[in-house]
Amino acid sequence: SNIYQEGGGTLTAAEGAYLFDSREISTEVKQTMLTGYITGDAFTLPWNNQIVPLVLGAEFRKDEIITDANPVAAEGLLWGYFSDEGADGSRNLKEVFFETEAPLLRGEKWAEELTVTASGRWTDETFYDPETTFSLKAIYRPTEWFTIRGTRGTSYRAPNLRERFLNGTSGFSTLSDPCV
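The notes below deal with the structure included here. Throughout, residues of each chain are indexed from 1 in the direction in which the sequence is written. Only residues with pLDDT of 70 or above have their local features reported here, since the model is predicted, and side-chain atom pairs are shown and tallied only from 80 upward, although totals for entire chains, interfaces and linings are computed over all residues. Heavy atoms throughout the structure, all of them, feed into the side-chain values; hydrogens and water do not.

### Points about the side chain of R91
This is how the line gets drawn: Under the DSSP-based scheme used, a helix requires at least four consecutive residues in state H or I and a strand at least two consecutive residues in state E, with every element numbered from the N terminus. By the criterion applied in these results, polar contacts are pairs of N or O atoms within 3.5 Å in which, for protein atoms, one can donate a hydrogen and the other can accept it, and in which residues neighboring in sequence qualify only through two side-chain atoms. Residue contacts are defined here by distance: any two heavy atoms, one from each residue, within 4.5 Å place the two residues in contact.
When you line up the elements, R91 lands in strand β3 (residues 89-108). Among the polar contacts listed, one links the side chain of R91 to the backbone oxygen of P159, at a separation of 2.7 Å. Ignoring sequence-local partners within four residues, the contact set of R91 consists of R61, K62, D63, E125, T126, F127, A158, P159, N160, L161 and F165.

Written out as C-alpha cells, the structure is:
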C-alpha cells in the first residue's frame, strides 16, 4: 500500500530504508595540559612601601579532535542538511607569560589610587608563527567616588580545532537555505 492513501498505509522495508535514515556525527575533543607558575613579591616601592607582585609561568597544551560521521552526514544525503565530514587533527601550543601590578599611589590628596597593571604572553602554536601579546591597564582614582580607567592591549587567536582541521562541508546552494 501507499503512505499517501487514506489511513496512511504501510511501507515495505525497502521503502522505509529509502525514505527514512539518520544523520549521526560523533566528535571527541581531547586536551592535555601542563601548566606551571611561580608567584611572589618582586620588590617594594621606595616612596610608599607598596609591594609589587609578580607571576611568571609557562604552559604546554596538546589539543586533538576526532570526528566520526556516518555517510548520511558526511555526504549530505538528507534533504535540508548540508554535508559535514567533521574534523580530525591535533596541534601543540606552548606559552610563557607574566603579570605584575604596581600600586604607585595610595591615599594621597587627589590620588586615592594610581595603579598600573602589566601582563604579557608569548604563544607558539604548531601551525602559525609565534606571537607576543600584552595588556597594560591603569586606574586613577582622584577621590573615592570617581575612577578613570584605561586599557591597551593586543590579542592572539589561532583557528579552533574544527576550523583548522575541517575535512569538508557544504552549504545550501538553493533558495531552500533554512538560514535565509
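### Observations concerning the pairing of strand β1 (residues 25-44)
The cut-off we apply is this: In this scheme, strands are said to pair when DSSP sees at least two bridges between them.
Strand direction decides the pairing type here: β1 and strand β2 (residues 51-69), joined by 19 bridges, are antiparallel. Along β2, the bridge assignment pairs I38 with L56. Taking the residues that link successive antiparallel strands as the turn, the β1-β2 hairpin has six residues, and the phi of N49 there is positive, at about 55 degrees.

### Some details on the sheet that holds β2
Rules: The axes used here are C-alpha line fits, helices contributing only the stretch in contact, and every angle between their N-to-C directions lies in the interval 0 to 180 degrees.
Reading across from one edge, β1-β2-β3-β4-β5-β6 is the order of the six strands in this open sheet, with antiparallel pairing throughout. Single-partner strands in this sheet number two, and they are β1 and β6 (146-153). Sheet twist, expressed as the mean angle between neighbouring strand axes with direction ignored, is 15 degrees. Here β2 pairs with β3 via 12 bridges, running antiparallel. Residue pairing for β3: V55 is matched across the bridge by E99.

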